[in-house]
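In case you want the letters, here they are:
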Amino acid sequence: MDNPLQQSVLVLNSGMIPIEICSARKAVLDIFRRIAIAVHESALVLRSPSVTVRVPLIIARVTYHKIPKRAAALSKWSILQRDDHACAYCKRRAPVSELTVDHITPRSRWRREMGANPPYEFNSWQNLVTACRRCNSQKGNRLLGELGWRLDPWPAEPTYLPQLVISRQRAERMGWLEYCGYNVKLVEAALD
């Protein structure tokens, strides 16, 4: 990376739970303001005439205990992230260009199958899944039972913070992996 101040830094609350990712510049400023401490540092060093500091990879806020509550927005990208860029039907992982979002119960069958008071909406976390183009085409407007297909697990709203979706390779490379057990969605697809 050309500018070490643009490097990503994992931010933990005082309970060592990930809450966000910020730039190294912001992390260094938080350390100097004494609102955060460095948990893990890189080999990169920033020098000024009076100060030398190593660039942090992970910082922890000194007094911040809360976990931000933010719901993930329902979008194609958030469905792909939730399903780890894998087809819900054949389980094959594929690049974004080869994936679509499919309605489990199609619009043409919605009213008849779900009734007047459905338990969830047509465009909802429970009715949308990632599908490869081949499976989506094969499914068409049929129901899973008609094809003999099953979903395991059934799709649901994500429980992780939407801003903390990190590729496993990046977490390993940055030394973040040991802190990514809670509040983070690790995906196998390369996001960065």
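Use the structure listed above.
Residues numbered from 1 in each chain as written. Predicted model: local features only at pLDDT ≥ 70, side-chain atom pairs only at ≥ 80, totals over all residues. Heavy atoms only, no water.

1. Description of the overall build of the protein
For clarity, the threshold we go by: Comment: elements are numbered from the N terminus, with helices defined as DSSP H or I runs of at least four residues and strands as E runs of at least two. Note on method: radius of gyration uses C-alpha positions; expected globular size equals 2.2 Å times residues raised to 0.38. Each residue's exposure class comes from its accessible area (1.4 Å probe, protein chains only) as a fraction of the maximum for that residue type: buried when under 20%, exposed when over 50%, partly exposed otherwise. In this description, contact between two residues means that some pair of their heavy atoms is separated by no more than 4.5 Å. Here, Shrake-Rupley sampling with a 1.4 Å probe gives the accessible areas, and only protein chains in the shown set may cover a residue. By the counting scheme adopted, Arg and Lys are positive, Glu and Asp are negative, and His together with the chain ends is not counted. One atom stands in for each charge, and that atom is NZ of Lys, CZ of Arg, CG of Asp or CD of Glu.
Across its full length, the protein carries 6 helices and 8 strands. For 192 residues, the compact-globule formula gives about 16 Å, and the C-alpha radius of gyration of the protein, at 21 Å, lies well above that figure. Each of the three principal axes of the protein carries a C-alpha extent, and together these read 70 × 30 × 20 Å. Burial analysis of the protein (192 residues in total) assigns 44% to the buried set. Intrachain contacts of the protein at a sequence separation of at least 6 include 61% that bridge at least 24 residues. By element, 51% of the accessible surface of the protein is carried by carbon and sulfur atoms, the whole surface being about 11,100 Å². Separation between the mean location of the 28 positive side-chain charges and that of the 17 negative ones in the protein comes to 3 Å.

2. Things to note about the sheet that holds strand β2 (residues 18–23)
What counts is decided by this rule: In short, DSSP must find at least two bridges between two strands for them to pair. Angles run from 0 to 180 degrees between N-to-C directions of axes, and those axes are lines fitted to C-alpha atoms, restricted for helices to the stretch in contact.
The mixed open sheet is built from 4 strands, whose spatial order is β2-β1-β4-β3. Two strands close off the open sheet at either side, each with one partner strand: β2 and β3 (36–47). Within the sheet, the average angular offset between the axes of one strand and its neighbour, ignoring direction, is 35°. Summarising the sheet, β3 and strand β4 (residues 52–61) pair through 8 bridges and their orientation is antiparallel. Following the sheet pairing, Val45 is matched in β4 by Arg54. Together, β1 (8–12), β2, β3 and β4 form the strand contacts of helix α1 (residues 24–32), whose direction differs from that of β4 by roughly 85°.

These results come straight from atomic positions and should not be treated as a statement about function.
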